[in-house]
Amino acid sequence: MTEIADPAAPLLEVDDLQTSFVVGEGQDVRAVDGVSFAVRPGETIAIVGESGSGKSVTSLSIMRLLPKKVGRISRGTIKLRGRNIVDIPENEMRAIRGNDIGMIFQEPMTSLNPVHTIGTQIAEVVMQHEKVNKTKAHERAVEMLELVGIPEPRRRANNYPHEMSGGMRQRAMIAMALSCEPSVLIADEPTTALDVTIQAQILDLMRGLQKKLGMAIVFITHDLGVVAEMADRVVVMYAGQVVETGTVQEIFTKPLMPYTSGLMQSIPRMGKSETKVRLQTIPGYVPLLTKLPSGCRFRTRCSFATEACAAQEPPLEVLDSGRSVRCIRWRELDLLTVKATA
Ligand SMILES: Nc1ncnc2c1ncn2[C@@H]1O[C@H](COP(=O)(O)OP(=O)(O)O)[C@@H](O)[C@H]1O
Ligand SMILES: [Mg+2]
């Protein structure tokens, strides 16, 4: 009997993930503390949150690329097509990385090899993935470089990473990650350093590939314009936890958690009528993991916090609609996204 895969089943399922780091005198801190989300074929979820909220540690955990000895997954499961990959041997994980799961990092030099030309590296990936000869694979590499907006791709293919500018290297890495046609793509601030034209071109490329391959995308960004354009659902993180989830529409038009509302108001949005928006920043900082406040982790910065918020940690409440929120006061609050100023 052959098993027929359920097309609506998640490709990647993170459940109750906890990632700990040893800091200082053997103290354990949880940079990721009970995070869960799932991504289905063809779906894009965006993970948003201020710097230090645990977004990169979440993606490094999925790829099992945490700094050795210091960081470890201390709880939870990560399932790829239903199979838990948290404990599989490193050689099996290596086969999954850059094949089943592709990743684009903030720092391109972590995935580019300094001793081979860009063209050779991409051709290697192509040959691992498809039965083509070296010449064909090199042609594909040149095509990919062209698709990510690298001028003179044929000449550039012969460059070593150090012969390229930072932006060019970033694009070469994206070309490499996409040429393996992964079923899951994890993109951690992939276009932050690139100019808007190139960024738009790369987002188009990702969407095109997603359509063609049914790729599931986990998109980490603090650019809400990109979120609105790319994502189906949003996961908001704060101090290592998920504090709100919902569809893009829900998160943008009716945030339930004060933190989400604050994020929305702190970032400019494109749009004819919205250009005169006064930008606000959320006062204060993400708390240190070693000095988390009691109760709600956001309460020290929240203008709606009461004594009850300090008493105990609010659970992530799952609503009938499927969205979820970590705030005991969400029912009483009527939060706005963007306050336009006169
Ligand atoms: N190698 C490490 N050792 C100790 N703490 C770390 C290490 N890497 C990350 N962290 C901590 O994990 C937390 C989350 O970091 P990160 O996932 O990089 O945040 P984000 O990507 O959301 O900006 C931070 O508080 C950071 O200090
Ligand atoms: Mg990060």
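Relevant structure appears above.
Owing to the predicted nature of the structure, the values given are computational and were not obtained by experimental measurement.

> Explain the sheet that holds strand β8 (residues 216-220) to me, please; I cannot follow it from the model alone.
The pairing of strands in a sheet comes from backbone hydrogen bonds and takes either a parallel or an antiparallel form. Here we have 8 strands laid out as an open sheet, ordered β6-β7-β8-β3-β9-β10-β12-β11, and mixed in their pairing. Edge strands, defined here as strands with exactly one partner in the open sheet, are β6 (101-104) and β11 (317-318). Relative to β6, helix α6 (residues 166-179) is tilted by about 175°, and along the sheet it contacts β6 and β7 (184-188). Contacts between helix α10 (residues 258-266) and the sheet are confined to β3 (44-48), β9 (233-238) and β10 (241-247), with β9 contributing the most and set at about 105° to the helix.

> I would appreciate a short explanation of the site of ligand 1 in the present structure.
The full set close to ligand 1 counts 13 residues, and G52, G54, K55, S56 and V57 are the nearest of them. In this structure, G52 approaches ligand 1 through a main-chain N or O atom, which is 2.7 Å from an oxygen atom. Contact distances for ligand 1 include 3.0 Å between an oxygen atom and a backbone N or O atom of G54. Within the complex, 66% of the 560 Å² of free accessible area of ligand 1 lies under protein. Only β1 (12-23) and α1 (55-63) provide two or more residues apiece to the shell around ligand 1. Here the element with the most residues in the shell around ligand 1 is α1; it accounts for 3 residues. Residues that form the shell around ligand 1 fall into these classes: 6 nonpolar, 5 polar and 2 charged.

What counts, and where the lines are drawn
- Residues numbered from 1 in each chain as written.
- Chains lettered and ligands numbered in written order.
- Predicted model: local features only at pLDDT ≥ 70, side-chain atom pairs only at ≥ 80, totals over all residues.
- Heavy atoms only, no water.
- Pairing = 2+ DSSP bridges.
- Helix = DSSP H or I, 4+ residues; strand = E, 2+ residues; numbered from the N terminus.
- Contact = heavy atoms within 4.5 Å.
- Axes fitted to C-alpha atoms, helices over the stretch in contact; angles between N-to-C directions.
- Near = heavy atom within 4 Å.
- Polar contact = N/O pair within 3.5 Å; in protein donor to acceptor, adjacent residues only side chain to side chain.
- Areas by Shrake-Rupley, 256 points an atom, 1.4 Å probe, with all protein chains shown as cover.
- Nonpolar A, V, L, I, M, F, W, Y, C, P; charged D, E, K, R; others polar.

Keep in mind these numbers describe shape, not what the thing actually does.
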